[in-house]
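Now for the letters of each chain:
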Amino acid sequence: MITFDAVTKRYADGTVAVDNLSLEAPTGEITVFVGPSGCGKTTSLRMINRMIDATEGRILLDGDPVQDIDPPKLRRGIGYVIQQAGLFPHKKIVDNVATVPLLLGWDRGKARSRAMELLERVGLDPAMGERYPFQLSGGQQQRVGVARALAADPPVLLMDEPFSAVDPIVRTSLQDELLRLQAELNKTIVFVTHDIDEAIKLGDRVAVLRVGGRLAQLADPKTLLSEPADDFVREFLGHDRGIRRLQFVGTEGLRLRTDLTVPAGFSGGSPEPWVLAVSDDGRPVGWLRGDGGGEPEPYGTFRPGRDSMRSALDAALLSPSGCAVAVGEDGKVAGVATREALDEALAEAADG
Ligand SMILES: Nc1ncnc2c1ncn2[C@@H]1O[C@H](COP(=O)(O)OP(=O)(O)O)[C@@H](O)[C@H]1O
Ligand SMILES: [Mg+2]
């Protein structure tokens, strides 16, 4: 666990970058620091590994003040990932990843094989190890940055806007990859971003900071969206807060109808306005009019219990029937959530 105990950072010119910050980043969780540019996120992060020293207050790592730990020793247990990866341009990818193990005195063979294993772990072809950073895309470089930070298996990972410089599609896949990795590795992660959507997606807990380095709110994402502490947080969260909150509403209780499916060869005769054509192997084909006219129309799917109400609603909005198609892990149709069923679930979500 990382503890900020009344931490203040005042720079030499008098700028107060962080003001009396107290919070905990629990072991094995992702704590996100989010806020507008200049609110002290980077300063806060760098005080953890003592790239910057606090002016007042203490930061504790599992109860020990970091001020009492020799910086090189401290940093051995803390991986650090920055925007644009910060790779050494003149070193091959494999040597970039092996940097810390080599510093720790591992023999070359062991350090390299560890590096190769990590490249695979972050979703890269180990053959890329022989390339130089400029021969990789921005997203691939960012993955290397994560691999390098993980190389010596540190319990703590600090990430400063690591995905901010890549395009939205790559960013999404890097975020998914981080969540997947974290499910295996259970690191104590402090993640800095200015992007509230990223904060909500990645954070177990989210600390919203305001300029002047003051903590505006510390909460889990669901609470943040449903109970913003003040106008600053409300504005920072943006306008579609209600829709985004549905990300945290489950679909396990959603009522499904199983009487709205027909075989793909259906030629009409249903009293329903829309029926779902299903292939011989149980997969959705498209929505057909109950009277059999027209071609199959687009459908949207969700996985009950795994996907959120936001996904279910999105699936419903993608189809002319207004219904969302529930599919199992195998991709086969499990049923249909009608507008009425979605409505009921939404009403319940609004209540609770
Ligand atoms: N070395 C420095 N000297 C003086 N002021 C600084 C220094 N580094 C950062 N600051 C100021 O401290 C505040 C917080 O900066 P920073 O932690 O980088 O914010 P963020 O990462 O949230 O954008 C800003 O006002 C910034 O200009
Ligand atoms: Mg910053």
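Position numbers for residues count from 1 along each chain, tracking the sequence in the order it is written. Chains carry letters from A onward and ligands carry numbers from 1 onward, assigned in written order. Totals for whole chains, interfaces and linings use every residue, but because this is a predicted model, local features are given only for residues with pLDDT of at least 70 and side-chain atom pairs only at 80 or more, for both listing and counting.

Caption draft 1: Structural detail: the domain arrangement of the protein chain. Taken domain by domain, the protein chain consists of domain 1 (2-248) and domain 2 (261-351). Where each domain starts and ends comes from a domain assignment, either automatic or drawn from a database. For domain 1 versus domain 2, the distance between C-alpha centres works out to 40 Å. Contacts between domain 1 and domain 2 engage four residues on the former and five residues on the latter. The nonpolar class holds Ala, Val, Leu, Ile, Met, Phe, Trp, Tyr, Cys and Pro. Asp, Glu, Lys and Arg form the charged class, and all remaining residues, Gly among them, are polar. Here the side of domain 1 that touches domain 2 is composed, by residue class, of three nonpolar, one polar and no charged. This entry defines residue contacts through backbone-placed C-beta atoms, with two residues in contact when those atoms are within 7 Å.

Caption draft 2: Inspection of the site of ligand 1 at higher detail. Nearness here has a simple definition: the residue's C-beta atom, placed using the backbone, must lie within 6 Å of the molecule or strand. Contacts to ligand 1 come from Y11, D13, T15, A17, S37, G38, C39, G40, K41, T42 and T43. Where helices and strands are cited, they refer to DSSP runs of H or I of at least four residues and of E of at least two residues respectively, numbered from the N terminus. Among the elements that make up the shell around ligand 1, the one with the highest residue count is helix α1 (residues 41-48) (three residues). A per-class count over the shell around ligand 1 returns three nonpolar, six polar and two charged.

Caption draft 3: Representation of the pairing of strand β8 (residues 188-193) within the structure. Put plainly, a residue is buried at 20 or more neighbouring C-beta atoms within 10 Å of its own, exposed at 12 or fewer, and partly exposed in between, counting only other residues' C-beta atoms, which are placed from the backbone. In terms of residue burial, β8 counts as a mostly covered element, since six of its six residues are buried. Residues T188, V190 and V192 line one face of β8 and the alternating positions I189, F191 and T193 line the opposite face, and both faces are buried. Here, a strand pair is defined by DSSP locating no fewer than two bridges between the strands. Pairing of strand β3 (residues 30-34) with β8 involves five bridges; the strand directions are parallel. From the neighbouring strand, T31 faces β8, where its bridge partner is V190. Summarising the sheet, strand β7 (residues 156-160) and β8 pair through five bridges and their orientation is parallel. When the sheet's bridge partners are listed, V156 is paired in β8 with T188. Crossover connection from β7 via helix α7 (residues 168-185) to parallel β8: handedness right-handed. Orient the strands so they point away from the viewer, and a crossover whose first-strand-to-second-strand path over the helix runs clockwise is right-handed.

Caption draft 4: A look at α1. A large share of α1 lies buried, amounting to six of its eight residues. Inspection of α1 places K41, T43, S44, L45, M47 and I48 among the buried residues, and these make up the whole buried set.

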